[in-house]
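This is what each chain is made of:
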Amino acid sequence: MSDTNFIEKKLEAVYNSSPVISFMWRATDNWPVESVSSNVIQLGYTPDDFLSGKLDYGHMLHPDDIERINFEVSKLFKNKNASYFSLNYRIITKSGDIRWVTERSFIIRDGNGNITHFKGIIIDNTELEKTERELLETGKKYQVIFEKSPLGIVYFDENGIITHCNDSFSRILESPKKDILGFNVLNSMKDDRMADAIGMVFLGKTGYFEGDYISSISGKRLLIMASFTPITSAAGALIGGIGILEDFGERKMVEDVLRLNELRLKALLELYQMQDALLYEIAEFTIEKAVELTGSKFGFLEFLNEDENVLEAYQWPPQISIMRGDQPSRYPVRATGFWGEAIKAHNKPVVENRHYTSEMQFVTYPESAGQHLFRHVTIPVFENEGLVAVLSVANKEQDYNESDVRQLTLFAEGMWKLVQYKKTSDVMLEAMKMRRVLESVMGSSPAVVFLWRAEKDWPVEFVSENVSQFGYNVNDFMSGKLIYGDIVHPSDLERVRQEVDRASKEGFSDFSQEYRILTKSGEVRWIDERTMIHYNMNGIVDYLQGIVVDVTERKQANSFMRLECDLDNVLGATEDLHETFERLLSFTLETKRIDNGAIYLVDEVTGDMNLVAHRGFSSNFVEKLSHFNKNMVIYRLFMTGYPVYKNFSELNAMVPKGGLGSEELQAMAFIPVKFDDDIVAAMVFGSSNGLEIPANSRNLIETIAGQVGIIISRVKKDHGSHRNKKHLGSLLDALDEIIFIMDMQGKILHINQSLQANLNYSAKDLYNKDFLILYPEGWEDDVLSNLDEIMEGKSLYSEIPFVSKEGILIPVKTKFTVGEWGEQGVLIATASVVDDSVLNPPIVSD
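Bear in mind the structure is a predicted one, so any value in this text is a computation, not a measurement.

(A) Quick look at the overall build of the protein chain. Within the protein chain, the regular secondary structure consists of 23 helices and 33 strands. For the protein chain, contacts bridging at least 24 residues in sequence account for 52% of all contacts bridging at least 6. Within the structure as shown, the protein chain displays about 43800 Å² of accessible surface, and the carbon and sulfur contribution to it stands at 51%.

Now the structure itself:
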């Protein structure tokens, strides 16, 4: 073979392997091919497939691109000056593969300027096109993350100029984006600590900031936490930085509210223990704690008389003297000035954040003129929609706000309940509502970002590094070792699946839900997930993007408030002492780490302790520890008068005759129960899953135990009252006369069997109903007038007839007398049927 032939063969081989394929097409439909290079075999075709006329170039084009190509070519025919064009489109190889190509062609015209041919090349750029589209799609995903993140995100360049920020950043700084973009964080930052944190970026390090910050853009004071990280090029050169801001001012506000709630609950608990104190002592304590709760300097508590025209005023501290000894001062409402504004303002709280002139201040109380008044808040206290008292505090350093109003309102309501307990023996004490807050909630936790494939249980395509807060690392998910559904709590998984499926089917763009997950160590955490759903061009979900925030502490706070309401139900739901004990145990066993409990009552005769209720303990435990006498070591534990916490092994050693054996118990608590300084009961609690009972659980059970004595006294008293009512009711049922008992407001409390038989009403029909329901419609004024005459001694009987449930008149002669029903003042109506053979037809009202 000659050198020339060898070179030609080599060039031909190079040409055939080239990605550039040349064509000449006629400018007619489907572009018939007049010439094509031999390397078209790369597409599976031969030159003869086209030159023979078996295939036109248009047969190789992707059907979805033909319309667009025709449109672009049609524009060339209209443009007489066009000589060259370039297009990207898809073709189909002979084997059916789809390839992206770039066509670059010259336009050939005849002597009249009409296009006759196109001559050019096509270049296979499938991989480049795929890469560009993937980059574009990835950019869109991260843009969504950037814009939707609840955290503030900001970018600045190598000169410190802010170029981008998301809506959350604008919201946190309380500044519009137009004021933020272009701001120079190097030259214009006024806060030195913030400037130092940002300056670390330009040293190639990460900077941090936490605390109060006055925005250099808006001038607003904020409470934020921020981190700043450098961004470098592939060569390691600094090209800018990224900052992430979290506003924890709201979290701080929640913590402050919880702290105030705890102080208020503690104060109320102390207040409820002042049952034997004098009224002025209760009033002074109430004002002192109200001043402490709000950060005020002094305050007043005033009780309104029944006519609502005179206030009896108490004050704190004592040096602002408006009292004479332990007696309150009395002021007409019209003369109380600012302190009476809550009464004059239609019984609403009044908040005044302003300085008063000497003349304005004088109209408060003359004795308080030595105290310059510059802010005050006054809270009305109601009972049955009637105003009974006002609580006022003044001279806080900052403005009073809604939180102050809320704390004072709740505290004043608690105070009034105690006052009513002292004044009326039949008002139930509600001290068990109060207990200390278990722990601070809403701890700081940054959001974790996930990108999930729209497949069963959501395989993870992306997860941020801070997933480590749950004990996992990024590789756990990215390697496929775990999918997201693996960490969702099994009890919640089906619900989460249904919610995602529902949101997808209904076309939601975003949704949120709360559920539990399991950390790597097996701990259960509540999370709030905010999910964005991405659909493809056909409306099919192709991926989901979520931001996951740990809300366990908030859920625990809500759970605490629920338990607080449940405790109220324990106090008010039953009059039976044993049932009360059972409910108290159920309530207490909801406490963390406590799963066994028992209550013992002290025998008033022997002083021994007897088991009256238990929950969770084994039958062996109950049998051996059902009774404590004075000679037992355990008995002496209670008699110390203080809570004792021990290990189960120590308890086992105290039990005579071989102990308790293996009970699978670890930590134990022995809590004495007092009433009037005497030990009246005891509570024993056990834990099988901890070596000791946590401090917050101790606080709760000691708070509950501190009120059990009150409950015992109250229920015993109520039980005796209930028994007396039952005996009296039996006597009334034995009488032939129609008898009903009503309170002083006219509400029916009891009816005897004779009334039920004659008027056909059941006790349930009439209980707590107005007694006028027993009289004909339209006769109400006559009945009330007749009753007034009887009570004033002007008349002995009422002869107004009763009306039965069916509307039949029953002629009667009724006598009303004042009496007692369960230690409650009542009116007793005794009626004799005048002529029970005469029954009028039903009354028909207009």
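(B) Examining the nonpolar core more closely. Counting residues in each nonpolar core, the largest one holds 30 residues, and the members touching the most others are Leu271, Leu301, Phe303, Val377, Leu391, Val393 and Leu408. For this core, the elements supplying multiple residues, two or more each, are α8 (249-272), α9 (279-294), β11 (298-304), β15 (376-383), β16 (386-394) and α12 (402-423). Tallying contributions element by element places α12 first for this core, with 8 residues. Core analysis: the next-biggest nonpolar cluster, separate from the first, contains 27 residues, Ala27, Trp31, Leu43 and Tyr45 among them.

(C) Seen up close, unusual backbone geometry. Its identity is not glycine, yet asparagine 395 carries a phi of approximately 65 degrees, on the positive side. Here asparagine 395 shows up in the loop between β16 and α12. Of note, asparagine 768 is a non-glycine position whose phi angle comes to about 65 degrees, a positive value. Along the chain, the position of asparagine 768 falls in the loop between α22 (763-766) and α23 (780-791).

(D) Quick look at the packing of aromatic side chains. According to the stated counting rule, one finds 26 aromatic pairs in the structure shown. With centroids separated by 6.5 Å and ring planes inclined at 70 degrees, the aromatic side chains of tryptophan 458 and tyrosine 484 adopt a geometry described as edge-to-face. You can see tryptophan 458 sitting in the loop between β17 (448-453) and β18 (460-463) and its partner tyrosine 484 sitting in the loop between α13 (474-478) and α14 (490-505), a full 26 residues away along the chain. Here phenylalanine 617 and phenylalanine 621 contribute two aromatic rings whose centre-to-centre distance is 4.0 Å and whose plane-to-plane angle is 5 degrees, an arrangement assigned as stacked. There is no split in this pair, since phenylalanine 617 and phenylalanine 621 are both buried.

(E) Up close: a negative patch on the surface. The grouping of Asp770, Glu777, Glu780, Asp781 and Asp782 at the surface amounts to a negative patch. Locating aspartate 781 in the fold gives a position in helix α23. With relative accessibility at 63%, the residue aspartate 781 sits in the exposed group.

(F) Quick peek at the pattern of salt bridges. If you walk through the whole model with that rule in mind, you get 26 salt bridges. A salt bridge links aspartate 404 to lysine 396; its shortest N-O distance comes to 2.6 Å. The pair formed by aspartate 404 and lysine 396 is uniform in burial state, with each residue classed as buried. We note a salt bridge from arginine 516 to aspartate 492, for which the minimum N-O separation is 2.9 Å. With arginine 516 in strand β19 (residues 510-518) and aspartate 492 in helix α14, this residue pair connects regions lying 24 residues apart in the sequence.

(G) Quick peek at the side chain of asparagine 125. Tracing the chain through its elements places asparagine 125 in the loop between β5 (115-124) and α4 (126-148). Engagement of the side chain of asparagine 125 in a polar contact is seen with the side chain of threonine 102, the distance being 2.7 Å. With near-sequence residues (within four places) excluded, asparagine 125 lies in contact with Asn88, Trp100, Val101 and Thr102.

(H) Layout of the sheet that holds strand β25 (residues 644-647). If you trace the 6 strands from one edge of the open sheet to the other, you get β24-β23-β22-β27-β26-β25, paired in antiparallel fashion. Because the sheet does not close on itself, it has two edges, and the strands there are β24 (627-628) and β25. Note: strand β22 (residues 596-602) against strand β23 (residues 609-615), 6 bridges, orientation antiparallel. Counterpart to glycine 597 in the pairing with β23 is arginine 615.

(I) Quick peek at helix α3 (residues 63-78). The end-to-end C-alpha distance of α3 is 24 Å, a good match for the 22 Å that 16 residues give at a rise of 1.5 Å each. Taken together, the buried residues of α3 touch β3 (84-92), β4 (98-109) and β5.

(J) Inspection of a nonpolar patch on the surface at higher detail. A cluster of nonpolar side chains, namely Met744, Met791 and Val818, defines an oily patch on the protein surface of about 290 Å² accessible area. With respect to the element layout, methionine 744 can be found in the loop between β28 (738-743) and β29 (748-751). Of the residues examined, methionine 744 reaches a relative accessible area of 47% and is grouped as partly exposed.

(K) Structural view of helix α7 (residues 192-199). The complete set of buried residues in α7 reads Met194, Ala197 and Ile198. All buried residues of α7 lie within an arc of 95 degrees about the axis, which places them on one face of the element. Across α7 from its buried face, at more than 90 degrees, point the exposed residues Asp192 and Asp196. Where α7 is buried, its residues contact β6 (152-157), β8 (207-214) and β9 (221-232). Where α7 begins, the side chain of aspartate 191 points an oxygen toward the backbone nitrogen of arginine 193, at a separation of 3.0 Å.

(L) Structural context of the pairing of β18. Across 3 bridges, the pairing between β17 and β18 is antiparallel. When the sheet's bridge partners are listed, phenylalanine 450 is paired in β18 with valine 463. Following β17, the chain reverses through 6 residues before pairing antiparallel with β18; aspartate 457 in that reversal takes a positive phi of roughly 60 degrees.

(M) Looking closely at the side chain of serine 464. Checked against the element boundaries, serine 464 lands in the loop between β18 and α13. Only 2.5 Å separates the side chain of serine 464 from the side chain of asparagine 466, close enough to count as a polar contact.

(N) Broad picture of the pairing of strand β20 (residues 524-535). For β19 and β20, the ladder comprises 9 bridges, and the chain directions are antiparallel. Note that in β20 the partner of glutamine 513 across the bridge is glutamate 529. Here β19 hands over to β20 after 5 residues, with glycine 522 in that stretch at a positive phi of 95 degrees. Pairing of β20 with strand β21 (residues 541-550) involves 9 bridges; the strand directions are antiparallel. Residue pairing in the sheet places histidine 534 in a bridge with tyrosine 543 of β21. Where β20 folds back on β21, the antiparallel hairpin that results is connected by 5 residues, among which glycine 539 adopts a positive phi of roughly 80 degrees.

(O) Quick peek at the sheet that holds strand β2 (residues 33-36). Strand order in the open sheet formed by 5 strands is β2-β1-β5-β4-β3, and the pairing between neighbours is antiparallel. Looking at which strands have only one partner, the edges of the open sheet turn out to be β2 and β3. If you compare each strand with its neighbour and ignore which way they point, the axes differ by 25 degrees on average. Strand direction decides the pairing type here: strand β1 (residues 20-26) and β2, joined by 3 bridges, are antiparallel. Bridge pairing in β2 places tryptophan 25 opposite valine 33. α3 contacts β3, β4 and β5 of the sheet and is inclined by roughly 165 degrees relative to β3.

Rules used throughout
- Residues numbered from 1 in each chain as written.
- Predicted model: local features only at pLDDT ≥ 70, side-chain atom pairs only at ≥ 80, totals over all residues.
- Heavy atoms only, no water.
- Helix = DSSP H or I, 4+ residues; strand = E, 2+ residues; numbered from the N terminus.
- Contact = heavy atoms within 4.5 Å.
- Areas by Shrake-Rupley, 256 points an atom, 1.4 Å probe, with all protein chains shown as cover.
- Core = buried A, V, L, I, M, F, W, Y, C linked by side-chain atoms within 4.5 Å.
- Buried < 20%, exposed > 50% of the residue type's maximum accessible area, 1.4 Å probe, protein only.
- Phe/Tyr/Trp six-rings, centres within 6.5 Å; stacked < 30°, edge-to-face > 60°.
- Patch = residues over 30% accessible without salt bridge, like charges linked within 9 Å, V, L, I, M, F, W, Y side chains within 5 Å.
- Salt bridge = Lys/Arg side-chain N within 4 Å of Asp/Glu carboxyl O.
- Lys, Arg positive; Asp, Glu negative; His and termini not counted.
- Charge placed at Lys NZ, Arg CZ, Asp CG, Glu CD.
- Polar contact = N/O pair within 3.5 Å; in protein donor to acceptor, adjacent residues only side chain to side chain.
- Pairing = 2+ DSSP bridges.
- Expected span 1.5 Å × (residues − 1).
- Arc of directions from axis to C-beta.
- Axes fitted to C-alpha atoms, helices over the stretch in contact; angles between N-to-C directions.

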